[in-house]
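If you want the building blocks of each chain, they are given just below.
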Amino acid sequence: MRIDDAVVLDLHGVADKTAFMNRCVHALPLPVWFGRNWDALADSLADMRAPMAIVVTHWQAYAEAEPDEWSTAQEVFSAAARASSAGLAVLLSLGGDLAHLEDRPSSPAQDSDD
């Protein structure tokens, strides 16, 4: 796994759990059965079949607006990384330009018909 192969989870404009889960659906290679809840996110990330790095960008406003939800998101990322047999790393961007990563096409969802 290389940082160049990272999936970018851009949380710009995310203000609540619903928007967070919607952003995860669009950015991450989640299975078609993903239920848009914390347990499903933890299970989906832990069950990835290949190593993956997720770079979370623009998370600060969400963390400030919904500190309890952001705390839960961090716990989910941490638990999934520990449980992942393939290798999962979740990195929080503290700034800088990651546009070169965001412009890449994302992988289709696992187990999808696409």
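First, a word on scope: everything that follows refers to the structure included in this document.

Quick notes on the rules
- Residues numbered from 1 in each chain as written.
- Predicted model: local features only at pLDDT ≥ 70, side-chain atom pairs only at ≥ 80, totals over all residues.
- Heavy atoms only, no water.
- Axes fitted to C-alpha atoms, helices over the stretch in contact; angles between N-to-C directions.
- Helix = DSSP H or I, 4+ residues; strand = E, 2+ residues; numbered from the N terminus.
- Parallel < 35°, antiparallel > 145°, perpendicular 65-115°, else oblique.
- Left-handed = near helix turned anticlockwise from the far one by under 90°.
- Contact = heavy atoms within 4.5 Å.
- Nonpolar A, V, L, I, M, F, W, Y, C, P; charged D, E, K, R; others polar.
- Core = buried A, V, L, I, M, F, W, Y, C linked by side-chain atoms within 4.5 Å.
- Buried < 20%, exposed > 50% of the residue type's maximum accessible area, 1.4 Å probe, protein only.
- Pairing = 2+ DSSP bridges.
- Expected span 1.5 Å × (residues − 1).
- Arc of directions from axis to C-beta.

**Brief notes about the packing of helix α2 (residues 38-46) against helix α4 (residues 67-83)**
Step number 1: Put simply, α2 and α4 touch, their axes get as near as 8 Å, and they point 30° apart. Looking at the two axes, α2 sits roughly parallel to α4. For α2 against α4, the interelement crossing comes out right-handed. When α2 is examined against α4, the residues Trp38, Leu41, Ala42, Leu45 and Ala46 are found in contact with a partner set consisting of Glu69, Thr72, Ala73, Val76, Phe77, Ala80 and Ala83.
Step number 2: Taken together, the residues of the contact of α2 with α4 sort by class into 10 nonpolar, one polar and one charged.

**What about the nonpolar core?**
Step number 1: Core analysis: the biggest nonpolar cluster contains 30 residues, and Leu9, Leu11, Phe20, Leu41 and Leu45 have the highest contact counts within it.
Step number 2: The set of elements that each furnish at least two residues to this core consists of β1 (7-10), α1 (17-27), α2, β2 (52-57), α3 (60-65) and α4.
Step number 3: Here this core takes six residues from α2, the largest share from any one element.
Step number 4: Not counting residues up to four positions away in its chain, the partners in contact with Phe20 are Leu9, Leu11, Val14, Trp38, Leu41, Tyr62, Ala73 and Phe77.

**As for the sheet that holds β2**
Neighbouring strands of a sheet are bound in pairs by backbone hydrogen bonds; such pairs are parallel or else antiparallel.
Step number 1: Pairing is parallel across the open sheet formed by three strands, whose spatial order is β1-β2-β3. Both edges of this open sheet fall to β1 and β3 (88-92), since each of them pairs with a single strand only. Sheet twist, expressed as the average angle between the axes of neighbouring strands with direction ignored, equals 20°.
Step number 2: The pairing of β2 with β3 spans five bridges and is parallel. Along β3, the bridge assignment pairs Val56 with Leu92.

**Things to note about the environment of Gln60**
Step number 1: If you trace the backbone, Gln60 turns up in helix α3.
Step number 2: Put simply, Gln60 and Ser93 are 33 residues apart on the chain and 9.5 Å apart in space, counted from C-alpha to C-alpha.
Step number 3: With residues up to four places along the chain from it excluded, the contact list for Gln60 reads Ser93 and Leu94.

**As for α4**
Step number 1: Over its 17 residues, α4 extends 24 Å from the first C-alpha to the last, a length consistent with the 24 Å expected when each residue adds 1.5 Å.
Step number 2: When we look at burial in α4, the residues that qualify are Glu69, Trp70, Ala73, Val76, Phe77 and Ala80. All buried residues of α4 fall inside an arc of 115° around its axis, so they share one side. Across α4 from its buried face, at more than 90 degrees, point the exposed residues Asp68, Glu75, Arg82 and Ala83.
Step number 3: Those residues of α4 that are buried lie in contact with β1, α1, α2, β2, α3 and β3.

Read these as layout, nothing more, since geometry by itself doesn't imply function.
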